[in-house]
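Residues per chain are reported as follows:
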Amino acid sequence: MIKVAVMRDGQVVAKAAGEAGCIGREENINKLYKEALDAAGLQESEIEKVAATGIGKFSVKFAADYITDAIAEAKAARFFFQGATDVVDIGADKTHVVSLDGDKIKETVLNQKCMAGLGLALDVISHRLGYTLDEISQFKADAAQGTIVNDGCPVFAELDSFEELNQGTPKEQVMGAVIQSVVVRLNSILREKEMPAKDTTVLLGGVSRNKAVVEGLKARSGLNFLIPEDAVYGGAIGCALAAAG
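Source: prediction; values computed, not measured.

Quick word on the packing of helix α3 (residues 118-129) against helix α5 (residues 154-166)
- Where α3 meets α5, the closest approach of the two axes is 9 Å, and the angle between their N-to-C directions is 15°. Viewed along their axes, α3 and α5 adopt a mutual orientation that is roughly parallel. Along this stretch, α3 crosses α5, giving a crossing that reads as right-handed. Between α3, through Leu 118, Ala 121, Val 124, Ile 125, Arg 128 and Leu 129, and α5, the contact on the second element is made entirely by Pro 154, Ala 157, Glu 158, Ser 161, Phe 162 and Leu 165.
- Residues belonging to the contact of α3 with α5 are distributed by class as follows: nine nonpolar, one polar and two charged.

As structure tokens, then:
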């Protein structure tokens, strides 16, 4: 996904989001940028600075600056919750944990190769099983009912889930097992180094909208995540804040 945030005087005045696509990524970026400016009632000439962050940041050819993900996430966490000490960003491709020491970054943890793509795998499998985000969010912790899929690699988790379906396992149990495997992997990333603080950890990224995963991760990790309304736009908002200095 591409997320755009327009900020003025430290406040978000417009947002836009849409699929990144592949060959048409730059075209989609330009379209969403224009959409966000229109929503803000601004012309391109009125924009002081454009910055980009995230895995596709270098596709924003007109950006004046490229912001490191951790810096954008830290800025966003403190923007949403002044007392934040940690931030966890769970997106389609990566999971990033950033620990703060005042206004400085103390430690960062990025998922290893075999743990990349958790969010994307969750999206692919849910679509294959015919579930919407709202439907998945209603799943309970015991939905798997003993069904297990690989929790070490999203690719193997996908293969396991489809094999379970072929063997006649009810799709709700398969979806429950996938959610469980994602939670297990996410929790392992949280415990990679210093465990984030229980009550002052901010959760950002698209997976923050999946209530089943969030509740499962809360139960397994013991963390009471702070989830802002604009969690999905966390990277874009933090990037804008970093660009503004």
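Considering the sheet that holds strand β7 (residues 104-110)
- Ordered by their spatial adjacency, four strands build an open sheet running β7-β6-β5-β8, and the pairing between neighbours is mixed. Looking along the sheet, the strands with just one partner apiece sit at the ends: β7 and β8 (201-204). The sheet shows a mean angle of 15° between the axes of neighbouring strands, direction not considered.
- Two strands pair when backbone bridges link them, and strand β5 (residues 86-90) and β8 are joined in this way by four bridges, in the parallel orientation. Directly across from Asp 86, in β8, lies its bridge partner Thr 201.

Concerning the environment of Ala 177
- Here Ala 177 is to be found in helix α6 (residues 171-190).
- Accessibility expressed as a relative area gives 1% for Ala 177, which makes it buried.
- As a C-alpha pair, Ala 177 and Phe 225 span 48 residues in sequence and 23 Å in three-dimensional space.
- Once residues within four sequence positions are removed from consideration, Ala 177 is found in contact with Ala 144, Thr 147, Ile 148 and Val 149.

Description of the domain arrangement of the chain
- Taken domain by domain, the chain holds domain 1 (1-80 + 233-245) and domain 2 (82-227).
- Listed per partner, the contact involves eleven residues of domain 1 and 15 residues of domain 2.
- Together, the buried faces of domain 1 and domain 2 total about 1,100 Å²; carbon and sulfur atoms form 61% of this surface.
- Run the count over domain 1 and domain 2 and you get six residue pairs in polar contact (both at pLDDT 80 or more).
- Here the side of domain 1 that touches domain 2 takes nine residues from helix α2 (residues 69-80), the largest share from any one element.
- Among the residues making up the side of domain 1 that touches domain 2, the classes are represented as seven nonpolar, one polar and three charged.

Things to note about the layout of surface pockets
- In this structure, the second largest pocket encloses a volume near 330 Å³.
- In terms of lining residues, the second largest pocket is bounded by 16 residues, among which Lys 140, Ala 141, Ile 179, Ala 212 and Gly 216 are the most central.
- For the lining of the second largest pocket, the secondary-structure elements that each account for two or more residues are α6 and α7 (211-221).
- For the lining of the second largest pocket, the element with the highest residue contribution is α7, accounting for six residues.
- By residue class, the composition of the lining of the second largest pocket is seven nonpolar, five polar and four charged.

Here's the deal with the packing of aromatic side chains
- Under the counting rule described, the total for this entry stands at four aromatic pairs.
- Ring centres of Tyr 33 and Phe 62 lie 4.8 Å apart, and the angle between their planes is 35°; this geometry places the pair in the tilted category. One end of the pair, Tyr 33, is in helix α1 (residues 25-40); the other, Phe 62, is in the loop between β3 (51-52) and β4 (65-66), and 29 residues separate them in sequence.
- Taking relative accessible area as the criterion, Phe 62 reaches 33% and is therefore assigned partly exposed.
- Measuring from ring centre to ring centre gives 5.2 Å for Tyr 131 and Phe 139, while their planes differ by 90°; the resulting arrangement is edge-to-face.
- Positioned above the aromatic ring of Tyr 233 is the side chain of Lys 15, whose terminal nitrogen or guanidinium carbon lies 5.2 Å from the ring centre.
- A cation over an aromatic ring shows up here: Lys 171 above the ring of Tyr 131, its NZ or CZ 4.8 Å from the ring centre.

Each value, and the rule that gives it
Residues numbered from 1 in each chain as written. Predicted model: local features only at pLDDT ≥ 70, side-chain atom pairs only at ≥ 80, totals over all residues. Heavy atoms only, no water. Axes fitted to C-alpha atoms, helices over the stretch in contact; angles between N-to-C directions. Helix = DSSP H or I, 4+ residues; strand = E, 2+ residues; numbered from the N terminus. Parallel < 35°, antiparallel > 145°, perpendicular 65-115°, else oblique. Left-handed = near helix turned anticlockwise from the far one by under 90°. Contact = heavy atoms within 4.5 Å. Nonpolar A, V, L, I, M, F, W, Y, C, P; charged D, E, K, R; others polar. Pairing = 2+ DSSP bridges. Buried < 20%, exposed > 50% of the residue type's maximum accessible area, 1.4 Å probe, protein only. Domains from an automatic or database assignment. Buried area = accessible area lost by both parts, 1.4 Å probe. Polar contact = N/O pair within 3.5 Å; in protein donor to acceptor, adjacent residues only side chain to side chain. 1 Å grid on protein atoms, 1.4 Å probe; cavity = no way out; pocket = protein on both sides within 12 Å on 5 of 7 lines; lining within 4 Å. Points joined across faces, edges and corners; volume = space filled by probe spheres on them. Phe/Tyr/Trp six-rings, centres within 6.5 Å; stacked < 30°, edge-to-face > 60°. Lys NZ or Arg CZ within 6 Å of the ring centre and 35° of its normal.

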